[in-house]
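# Coordinates in review
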Amino acid sequence: MVPKQIKKVIKIFSDFPTVGERTATRFALYLLGLDEKSVKEICDSLVSLKKEIKLCSFCFNPFTPLKDENICLICRDKKREQTLCVVERETDLWRMEETKKYQGLYFILGGEIDFLKENPLGKLRVEELKKRVEGLKPKEIILALNPTRDGILTMDFIAKILKPLACGEQSRTIKITRLGRGLPTGGEIEYADEETIEKALEGRR
Ligand SMILES: [Zn+2]
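Computed from a predicted model, the values in this text were never measured in an experiment. (Residues numbered from 1 in each chain as written. Predicted model: local features only at pLDDT ≥ 70, side-chain atom pairs only at ≥ 80, totals over all residues. Heavy atoms only, no water.)

According to the domain assignment, the protein chain consists of domain 1 (4–52) and domain 2 (62–202). One C-alpha centre belongs to domain 1, the other to domain 2, and the line joining them spans 33 Å. (Domains from an automatic or database assignment.)

Dropping the structure here:
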């Protein structure tokens, strides 16, 4: 009944985060109703998304390289402080950068621990984070995950894992802090206003 080309597009959209089959079907029919030029524009922008954007090899922030560099502008900036702010997602980094209240470096962890899954760590970049901490030896690691239940449990886990690296005998002690009051419990950094982020940074402990 449903042509296989439409089914295929529905299947593609159904795999998107937060999109169910109903919404996926609406998307597919919406595309069907567009003229060819608009559809081509969508296809082209998807291709250039993959072709022209790189993930920073230090912090995993997506960026557009000018030549063949592997490190994003933030990580390349020598004026940045040697603190490492661990965030969940790209959008958290972007939000914090917008406020201009943080002057250090970042690391995008890639999500939270999902305790219901067989492999709770999933694609979290825990090993990469350990390597960054060992390599950079930041003076402070700020765990800036969202203060939701899973976010807090994830920060507990990360703090435990980083602890041995942070107080190794030969290396100087690295402070591990979390964002302070200001961000409501269950709140999300991505949607926090400038003042809230500033207060949370100032009050970190
Ligand atoms: Zn970077």
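There is more to say after this.
Around the zinc ion, the donor atoms from the protein are Cys56 (SG), Cys59 (SG), Cys72 (SG) and Cys75 (SG), and they sit 2.3 to 2.4 Å away. One can describe the donor arrangement at the zinc ion as tetrahedral, given that its four donor atoms subtend angles of 108 to 114° at the metal. In primary-sequence terms, the residues that donate to the zinc ion follow C-x2-C-x12-C-x2-C. With a relative accessible area of 0%, cysteine 56 lands in the buried category. Relative accessible area serves as the criterion here: at 0%, cysteine 59 is assigned to the buried category. (Donors = N, O, S within 2.8 Å, 3.2 Å for Na, K, Ca; no water. Tetrahedral: all angles 85-135°; square planar, octahedral: opposite > 155°, others 65-115°. Buried < 20%, exposed > 50% of the residue type's maximum accessible area, 1.4 Å probe, protein only.)

Sheet strands line up and pair through hydrogen bonds in the backbone, either parallel or antiparallel. Spatially, four strands are ordered E4-E3-E5-E6 in an open sheet, and the strand pairing comes out parallel. A strand with exactly one partner marks an edge of an open sheet, and here the two such strands are strand E4 (105–108) and strand E6 (175–178). In this sheet, neighbouring strand axes are inclined to one another by 25° on average, regardless of whether the strands run parallel or antiparallel. One ladder, built from four bridges, connects strand E5 (residues 140–143) with E6; its direction is parallel. In the strand pairing of E6, glutamate 140 is matched with lysine 175. Against the sheet, helix H7 (residues 149–166) touches E5 and E6, its axis set at about 170° to E6. (Pairing = 2+ DSSP bridges. Helix = DSSP H or I, 4+ residues; strand = E, 2+ residues; numbered from the N terminus. Axes fitted to C-alpha atoms, helices over the stretch in contact; angles between N-to-C directions. Contact = heavy atoms within 4.5 Å.)

Here the focus is the side chain of arginine 125. Within the element layout of this structure, arginine 125 appears in the loop between E4 and helix H6 (126–136). Notably, arginine 125 is buried but unbridged: the nearest opposite-charge side chain belongs to glutamate 90, and the N-O separation is 5.1 Å. Among residues more than four places away in sequence, those in contact with arginine 125 are Leu55, Phe60, Phe107, Ile108, Leu109 and Gly110. (Lys, Arg positive; Asp, Glu negative; His and termini not counted. Salt bridge = Lys/Arg side-chain N within 4 Å of Asp/Glu carboxyl O.)

So, on to the pattern of salt bridges. If you walk through the whole model with that rule in mind, you get 15 salt bridges. Residue arginine 95 is joined to glutamate 98 by a salt bridge in which the shortest nitrogen-to-oxygen separation is 2.7 Å. Of this pair, arginine 95 and glutamate 98 both sit in helix H5 (residues 90–99), three residues apart, which is roughly one turn of that helix. On the basis of relative accessible area, arginine 95 is assigned to the buried category, the value being 18%. A salt bridge links arginine 204 to glutamate 140; its shortest N-O distance comes to 2.6 Å. Taken together, the residues arginine 204 in the segment after helix H8 (194–202) and glutamate 140 in strand E5 connect sequence positions 64 residues apart. Overall, the relative accessible area of 6% leaves glutamate 140 in the buried class. Within this structure, Glu88, Arg89 and Glu188 form a network of salt bridges that share partners.

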